[in-house]
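What follows is each chain in one-letter form.
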Amino acid sequence: MKILTFLTFVLLLVHQNFSLSRAQCHSCEQTSCNCSGQNLKTVPEAPSKLITELDLSFNRLQTIMKNDFVAFARLQSLILFSLQVPRHMKHLEAIVFKNIALPQFYNFPAILLLQSLMTMVRRLSMINCKFFLWPCGYFALFSKLDYIDVSDNLLSDLLFSEMLCDGNRGLWSLQTINVSRNHLQSINSQLFTKLDKLKNIDMSGNVFHSMPETCYWPTSLQFLNLSSTHLPQVTTCLPATLRVLDLSDNELTVFNIELPFLTELYISGNKISRLPDGVLYPQLTFLSIQNNNLQTFSSKSLNHYNDLKMLEAGDNKFVCSCDFVAFMSSHLKNSRVTFGDGSNSYVCDSPDAVRGKTAADARLSVFECHTALALSLLCSGILVVFLLVAGLCHKYSVLWYIKMTWYWLRAKRKPKLKKGELEYDAFVSYSEMDSGWVDAHLVPELEQAEPPLRLCLHKRDFVPGGWIMDNIMDAIEKSHRTLFVLSQHFVNSEWCKYELDYSHFRVFDQNDDTVVLILLEPIDKETIPQKFCKLRRVMNSRTYLEWPDEDDQIPRFWDSLRSAIKRPENGNGLQFDNVNF
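One structure accompanies this document, and this report is about it. Nothing here was measured: the structure is a model prediction, and the numbers come from that model.

A full pass over the atoms with the stated rule returns five disulfides. For cysteine 28, the disulfide goes to cysteine 33, at an S-S distance of 2.2 Å. Residues cysteine 28 and cysteine 33 are joined through a disulfide that is right-handed, its torsion about the S-S bond being 115°. Assessed through its relative accessible area of 30%, cysteine 28 is described here as partly exposed. Cysteine 33 gets classed as buried once you look at its relative accessible area, which sits at 4%. The residue that forms a disulfide with cysteine 320 is cysteine 348, at a sulfur-sulfur distance of 1.8 Å. Torsion about the S-S bond of the cysteine 320 and cysteine 348 cystine: about -95°, corresponding to left-handed handedness. On the criterion of sequence distance, the pair formed by cysteine 320 in the loop between strand 14 (318-319) and helix 5 (322-329) and cysteine 348 in strand 16 (residues 348-350) is long-range, its members being 28 residues apart. There is no split in this pair, since cysteine 320 and cysteine 348 are both buried.

For the peptide bond that leads from serine 350 to proline 351, omega is -5°, which places it in the cis range. By the secondary structure assignment, proline 351 is in the loop between strand 16 and helix 6 (366-369). Between glutamate 450 and proline 451 the backbone carries a cis peptide bond, its omega angle lying at -5°. Within the secondary structure, proline 451 sits in the loop between helix 9 (435-447) and strand 18 (455-456). The phi dihedral of asparagine 128 is positive, around 55°, even though this residue is not glycine. Taking the relative accessible area as the measure of exposure, asparagine 128 reaches 37% and is therefore partly exposed. Even without a glycine there, the phi angle at lysine 130 is positive, about 55°. The class for lysine 130 is exposed, based on a relative accessible area of 54%.

What counts and what doesn't
- Residues numbered from 1 in each chain as written.
- Predicted model: local features only at pLDDT ≥ 70, side-chain atom pairs only at ≥ 80, totals over all residues.
- Heavy atoms only, no water.
- Disulfide = S-S within 2.5 Å.
- Buried < 20%, exposed > 50% of the residue type's maximum accessible area, 1.4 Å probe, protein only.
- Helix = DSSP H or I, 4+ residues; strand = E, 2+ residues; numbered from the N terminus.

The structure is reproduced here in structure tokens:
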């Protein structure tokens, strides 16, 4: 407790001695103090918190401390004319004004005070000072000025041109100028053309909307910042001498301006869909193309950049193709190019199966990665299956069954003729190669018999111009019997096959014996297609006649044939066994 009391006493004593050491102003009223010409070396003590005006002109102030004016809380006017310049300010190189109102900088009292120092100042900053007016030639006071920052002010094209004297006078030592976030609407390169030492220009945050086709920049220019200026495209106005170019946050869709000395390029926040051509930037070491419309890239596209060391291309909507995924997951690990923004910024937007995953973690199917091979295998598989099905269909006559089913269904839709309405006694199906035997023997023997039989022959009784299958079905439907003249020519005939096919279905449909077979020559039953199982069964039973080799057996053959074709009064069945003459 005694120690605490002692420390408090010491602090009070120090504070009292400090207060006593502070200078006093001898001419103060209720709200103002006129301390002019009082030989003051420090800012005097505030006699009242109500002081709004303070005149310290014509004194010997050498140091102004940060807390000297804390007691003058309501101070509105401060006069500092004709102060003695302190010794340590004779090497002053930088003047900074920030977040204060200096609409007309050249009228600011402190500048008038420091006129004797202006020739030594090399860096001048007026940031967010509502500054808009600087008469031409005023920079003549700053003969050594190499850095100007007038960002976040109210400069327009006309006033900025006035400030730089239209590029014709002063500021010959200037190396850097920052005029970002003002009210400029056009790029006037001629303001800088004669500034032979100018290296850096920052005009970001203005509203240009367009860029001239041709510009005239100083050959010393290396850095240019045109970010956030609403540019939809760039032109050859860009100086070829640039080392660093910032075009971020504009509306660019392509960037293909040749800049042979460029080492850093910032084009993030645009609408660019592909990497710039690396051939145009042989010395580029850093590329930032984040937040664009970039969908993919690969090691092949990066190989065009000879010196590229770092890439920032995240936050794009990537299509995770196989090349891109392979590049991100393995190739980049052994590549000279590294990601400055981390691989987690490279997120897949498509295909749907990997959406939301990082490209390095995405896993694609074989079909997606080897589309051509997969399609080839798929097509080959389909072809093999098709050939297999076709082979099975051919072997088991599937197409024949389908086709005949269709014919049968068409015939079923027609009204059936009654026995008394049948037009022919027999429809004769034969090969054209056997027409001589039919015309010379069969037709005379049957149609000239007593009673005569009426035969249906395709070359005589088919409707001209009609569809052949319709004629075949009509002829068979209108005939009491179907007479097949079998020979090797018949087996090889396509149209005889159709007639035999339909008759075969009719046998199944009506479940009767309407088929009569005549064998002109011996035929191996094995040559008859397996699908005609009913026909093969019939040939093995009782319903075919063989043309005799001996002449004395021919009359008996015709008698048997007429009996087979003749319409019986009761029943349809044939009443004779196989006859071999």
